[in-house]
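Report on the structure
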Amino acid sequence: MNMKAKKICFKNIGQLVQVQDTDPPRLKVYRNCALVVSGGRVEKVFRDTGIRASDYARVVDLKGRAVIPGFIDPHTHMVYGGDRKAEMEMRAAGDDYLEILKNGGGILSTVNATRKASEEMLYRSARERMKRMIALGTTAFEIKSGYGLDLETEKKILRVGRRLAADLKVHVTLTYLGAHAVPEGVKKKDYFDFVLRYLPEFRELADGVDIFCERGAFTVADLKRLFLQAKLLGFQLRAHVEEFTLQGGCYEAARLGAISCDHLEHARPHDIRGMAVAGTVGVLLPGVTHFLGGSKLPLVHTLLDSGVPLALATDCNPGSCPTYNMQTILTLATAMYRLTPEQALVAATYGGARALDRHREMGGLRPGQRADFLLLKTSDYRDLFYYFGENFVDKTFLAGSAVSGRKEPVTD
Ligand code: NIG
Ligand code: FE
């Protein structure tokens, strides 16, 4: 076999940022180096001297600019119908997120729009969204259902997620979020019984399950019942916990072996200790706090000091955080949580991979890992954080190949 045919050398990289799988994970910055990609994976990073073009199928000059690992977004609800722009006025007038949901709006209005949309319509809108996200630097995703709340629509959403992964050649972890809200016209108990009864049917389509454990949604007792069954069926466990109110779901989720606990604004040190012992990843979503105008922040430094692996995610959804942009999330995380650029970038790459249990194969640009990387418009990765508000991703590479992102704005 001609190995040379497969090798690409990216030379003249001003700064290459790797994430080391240490405890805690740290960035390693190489200057003036080259990156060799073979079969879509990182082969090696070396000093940029004496590169022989004849050793490679292609040599690409990156002109002194910075290369970082692609972002991994481990919490999205990006397959949905309609939009929730009207809720911005309602919130400005004083309604809060949970009140809007209680009155049949919020998540339930997206459920109506998603049920009405055909699979093809959902696929087309989510594909445009995903292309935009890739152009902005995201190279692996988690996608939840949860806007169907019936068998047919929940499956439709998950099938769309599966098609996106195959068509756009990105990693997608799929999560069944039947326990997102109680649909209109159904008793809570009956709906939750339905979620439990049909859980095995989702084993084919989804890698994990999730639950919105919150006032007006599902209880800690529901979380325990769901997780015990889901665990037996071999699902990964994720949970929306302690977002608007303290319920105690975080501790129980960690105890039952959740791979991630997400949101955590109201989580206590006790909950964080539980996560640390269990090795549960904390997925933080500063875009939600920002978009909904909240002020309560998770105990981010207690999480860090306790050794809980941290990830950052968009939550990309039409209600609480309609953003496609992980760069914005990084900016918010440094400002709101007082994270260093290093801590934020580790969370947005390695942390996300860890939340998807894929940290061995992606999220770090270490030899053997998928060559999913971002060529920045600058030679210093810290510019991403410093000159906030600009798109610093020039090109996104998936398995070593540049993808052309969508340039026009996306509207639904
Ligand atoms: O992560 N909290 C519940 N679920 C989503 C929001 C979904 C929606 O509002 O449509 C969240 O914030
Ligand atoms: Fe969410």
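Report follows, based on the coordinates. (Residues numbered from 1 in each chain as written. Chains lettered and ligands numbered in written order. Predicted model: local features only at pLDDT ≥ 70, side-chain atom pairs only at ≥ 80, totals over all residues. Heavy atoms only, no water.)

As for the nonpolar core
Counting residues in each nonpolar core, the largest one holds 111 residues, and the members touching the most others are Met-130, Leu-226 and Phe-227. Among the elements that line this core, the one with the most residues is helix H13 (residues 341-355), at seven residues. Filtering out sequence-adjacent residues up to four positions away, Leu-226 remains in contact with Ala-179, Phe-192, Val-195, Leu-196, Leu-199, Val-209, Asp-210 and Ile-211. (Core = buried A, V, L, I, M, F, W, Y, C linked by side-chain atoms within 4.5 Å. Buried < 20%, exposed > 50% of the residue type's maximum accessible area, 1.4 Å probe, protein only. Helix = DSSP H or I, 4+ residues; strand = E, 2+ residues; numbered from the N terminus. Contact = heavy atoms within 4.5 Å.)

Quick word on the coordination of the iron ion (ligand 2)
With distances of 2.0 to 2.4 Å, the protein atoms coordinating the iron ion (ligand 2) are His-75 (NE2), His-77 (NE2), His-240 (NE2) and Asp-315 (OD). Taken in chain order, the donor set of the iron ion (ligand 2) reads H-x1-H-x162-H-x74-D. For His-77, a relative accessible area of 3% corresponds to the buried category. (Donors = N, O, S within 2.8 Å, 3.2 Å for Na, K, Ca; no water.)

A word on the packing of helix H6 (residues 188-197) against helix H7 (residues 220-233)
Axis angle and axis distance: for two packed helices, these are the angle between their axes and the distance between the axes, and together they describe the pair. It is at 10 Å that the axes of H6 and H7 come closest, and there the two elements cross at 15°. Here H7 runs roughly parallel to H6, going by the angle between their axes. As for how H6 packs across H7, the hand of that crossing is right-handed. Contact with H6, carried on its side by Lys-188, Phe-192, Asp-193, Val-195 and Leu-196, involves Asp-222, Arg-225, Leu-226 and Gln-229 of H7 and no other residues of that element. In terms of residue class, the contact of H6 with H7 is built from four nonpolar, one polar and four charged. (Axes fitted to C-alpha atoms, helices over the stretch in contact; angles between N-to-C directions. Parallel < 35°, antiparallel > 145°, perpendicular 65-115°, else oblique. Left-handed = near helix turned anticlockwise from the far one by under 90°. Nonpolar A, V, L, I, M, F, W, Y, C, P; charged D, E, K, R; others polar.)

Notes on the side chain of Glu-243
Assignment of secondary structure puts Glu-243 in the loop between strand E10 (236-241) and helix H8 (249-255). Despite its burial, Glu-243 pairs with no opposite charge; the closest candidate is Arg-84, at 9.6 Å N-O. Engagement of the side chain of Glu-243 in a polar contact is seen with the side chain of His-263, the distance being 3.3 Å. Those residues within four positions of Glu-243 in sequence are excluded, and the remaining contacts are Phe-212, Glu-214, His-263, Glu-265, His-266 and Val-288. (Lys, Arg positive; Asp, Glu negative; His and termini not counted. Salt bridge = Lys/Arg side-chain N within 4 Å of Asp/Glu carboxyl O. Polar contact = N/O pair within 3.5 Å; in protein donor to acceptor, adjacent residues only side chain to side chain.)

Regarding the site of ligand 1
Surveying the vicinity of ligand 1 reveals 15 residues, the closest of which are Arg-84, Tyr-97, Tyr-147, Asp-315 and Ser-320. Here an oxygen atom of ligand 1 sits 2.6 Å away from a polar atom, N or O, in the side chain of Asp-315. A distance of 2.8 Å separates an oxygen atom of ligand 1 from a polar atom in the side chain of Ser-320. Of all the cavities here, the one that holds ligand 1 is the largest cavity. In the shell around ligand 1, the residues fall into four nonpolar, eight polar and three charged. (Near = heavy atom within 4 Å. 1 Å grid on protein atoms, 1.4 Å probe; cavity = no way out; pocket = protein on both sides within 12 Å on 5 of 7 lines; lining within 4 Å. Sits in = over half its atoms within 2 Å of the grid points.)

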